Amino acid sequence: MDPSFSTQTIQKVDTKKVKEMLNRRKGKMKRFLSHCAHCSLCAESCFLYMKHRKDPHYMPSYKVINSLGKLYRKRGKVDWKFLNEIKGIVWRNCVLCGRCYCPIGIHVPSMIAFTRSILRSQGVYPQRNEISAESWL
Ligand code: SF4
Ligand code: SF4
């Protein structure tokens, strides 16, 4: 795990709630995930991807596949460690600016925002010292 992105006190994940949240928006979110053609056309419109010298970890498609995509693949059966592993992807690696352009209409920021709300429901979110850290950009 990224040492600059510390964990909070370990808690038990309410997997029933996570599953409920995933199910509530399952239609739209799974459609977005399954329609992604992995064409990478969205990548260069993400300033964080460009700022990090085209590091694939900052590609919009990578971010959703490895956060929300994994939550759906695991059907919400996740633990605290997993939620903390994806915390950096959805808070540090994306600022929800909405600049990423997808020609087939996949809306990455709404997927990242949804993932944030799931993490927040389980008490997983950036701490004050993490928000002010230079490492966010
Ligand atoms: S989100 Fe859209 S532009 Fe980006 S890789 Fe998927 S299909 Fe291509
Ligand atoms: S919303 Fe996120 S993924 Fe899209 S351009 Fe902004 S920082 Fe990049």
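Quantities reported herein were computed from a predicted structural model and do not represent experimental measurements.

**Student:** Please set out the packing of helix 6 (residues 80-92) against helix 7 (residues 108-121) residue by residue, giving values where relevant.
**Tutor:** With their axes 10 Å apart at the nearest point, helix 6 and helix 7 run at an angle of 140° to one another. It follows from the interaxial angle that helix 6 and helix 7 lie oblique. In the crossing of helix 6 with helix 7, the sense of the turn from one axis to the other is left-handed. Here Leu83, Ile86, Lys87, Val90 and Trp91 of helix 6 lie close against helix 7, whose contacting residues are Ile112, Thr115, Arg116, Leu119 and Arg120. Residues of the contact of helix 6 with helix 7, tallied by class, amount to six nonpolar, one polar and three charged.

**Student:** Summarise the site of ligand 1; cite the residues concerned and give the values.
**Tutor:** Around ligand 1, the neighbouring residues are Cys36, Ala37, His38, Cys39, Ser40, Leu41, Cys42, Ser61, Cys102, Pro103 and Ile104. More than half of the atoms of ligand 1 fall within 2 Å of the grid points belonging to the largest pocket. When its residues are assigned to classes, the shell around ligand 1 shows eight nonpolar, three polar and no charged.

**Student:** Please provide a residue-by-residue account of a positive patch on the surface, values included.
**Tutor:** On the surface, a cluster of positive charge is contributed by Lys19, Lys26, Lys30, Arg75 and Lys77. By the secondary structure assignment, arginine 75 is in the loop between helix 5 (68-73) and helix 6. Overall, the relative accessible area of 61% leaves arginine 75 in the exposed class.

**Student:** Hey, could you go over the nonpolar core for me, with residue numbers and the actual values?
**Tutor:** Nonpolar side chains tend to gather and get buried jointly when the protein is soluble and globular. Counting residues in hydrophobic clusters, the biggest one holds 32 residues, and the most contacted among them are Leu22, Leu68, Leu71, Leu83, Met111 and Ile118. Taken together, the elements giving at least two residues each to this core come down to helix 1 (15-24), helix 2 (26-35), helix 5, helix 6 and helix 7. If one sorts the elements of this core by residue count, helix 6 sits on top with seven residues. Formed by six residues, the second largest nonpolar core is a distinct cluster that contains Ala43, Cys46, Leu48 and Met59.

**Student:** Can you tell me about empty space enclosed by the protein, naming the residues and giving the values?
**Tutor:** Under the defined criterion, the tally for this structure stands at one cavity of 30 Å³ or more. Roughly 90 Å³ of volume is contained in the largest cavity. Lining the largest cavity are 14 residues, and of these Cys46, Lys63, Cys94, Cys97 and Cys100 sit closest to its centre. Looking at the lining of the largest cavity residue by residue, the class counts come to eleven nonpolar, two polar and one charged.

**Student:** Report on the pattern of salt bridges, specifying residues and quantitative values.
**Tutor:** Side chains carrying opposite charge are able to pair once their charged atoms draw close together. On inspection of all chains with the given rule, the structure shows three salt bridges. Of the charged contacts in the structure, one is a salt bridge between lysine 54 and glutamate 44, with a shortest N-O distance of 2.9 Å. Linking lysine 54 in the loop between helix 3 (47-51) and helix 4 (60-65) with glutamate 44 in the loop between helix 2 and helix 3, this pair joins segments that are ten residues apart in sequence. Note on lysine 54: relative accessible area 40%, which makes it partly exposed. Between glutamate 85 and lysine 81 there is a salt bridge, with its nearest N and O atoms 2.9 Å apart. Here the residue glutamate 85 and the residue lysine 81 both occupy positions in helix 6, the gap between them amounting to four residues, near one helical turn.

Rules and cut-offs
All residue numbers here refer to positions counted from 1 along the written sequence of the relevant chain. In the order they appear in the text, chains get letters beginning with A and ligands get numbers beginning with 1. For this predicted model, a pLDDT threshold of at least 70 governs which residues receive local features, and a threshold of 80 or more governs which side-chain atom pairs are given and counted, while totals over whole chains, interfaces and linings are taken from all residues. No hydrogens and no water enter the side-chain calculation; it runs on all heavy atoms of the structure. Angles shown run from 0 to 180 degrees and are taken between the N-to-C directions of axes, each axis being a line fitted to C-alpha atoms and, for helices, limited to the stretch in contact. Only DSSP runs of H or I covering at least 4 residues are called helices, and only runs of E covering at least 2 are called strands; the numbering of each starts at the N terminus. Any angle that falls under 35 degrees is termed roughly parallel, while one over 145 is termed roughly antiparallel, one within 65 to 115 roughly perpendicular, and all others oblique. By the definition used in this description, the sense in which the near helix is turned from the far one sets the handedness, with an anticlockwise turn below a right angle giving left-handed and a clockwise turn giving right-handed. Contact definition: two residues touch when any of their heavy atoms are within 4.5 Å. In this classification, the charged set is Asp, Glu, Lys and Arg, the nonpolar set is Ala, Val, Leu, Ile, Met, Phe, Trp, Tyr, Cys and Pro, and all remaining amino acids, among them Gly, are polar. We define proximity as follows: a residue is near a molecule or strand when any one of its heavy atoms falls within 4 Å of that partner. Cavities and pockets were defined on a 1 Å grid built from protein atoms only: a cavity is a group of points that admits a 1.4 Å probe but offers it no way out, a pocket is an open group of points flanked by protein on both sides within 12 Å along at least five of seven lines, and a lining residue is one with an atom within 4 Å of any such point. To decide whether a molecule occupies a pocket or cavity, check its atoms: if more than half lie within 2 Å of the grid points, it is inside. A patch consists of residues exposed above 30% relative accessible area that lack any salt bridge, with like charges linked at up to 9 Å and nonpolar side chains (Val, Leu, Ile, Met, Phe, Trp, Tyr) linked at up to 5 Å. Calculation of accessible area relied on Shrake-Rupley with a 1.4 Å probe; when residues are assessed, cover is drawn exclusively from the protein chains displayed. Any carboxyl oxygen of Asp or Glu that lies within 4 Å of a side-chain nitrogen of Lys or Arg is treated as forming a salt bridge with it. We treat Lys and Arg as the positive residues and Asp and Glu as the negative residues; His and chain ends play no part in the count. Charge placement uses NZ in Lys and CZ in Arg. For Asp and Glu, CG and CD serve respectively. Relative accessibility thresholds used throughout: buried, under 20% of the residue-type maximum; exposed, over 50%; partly exposed, between the two (1.4 Å probe, protein chains only). Buried Ala, Val, Leu, Ile, Met, Phe, Trp, Tyr and Cys residues form a nonpolar core when they are joined through side-chain atoms within 4.5 Å. Grid points are joined across faces, edges and corners, and a volume is the space filled by probe spheres set on the points.

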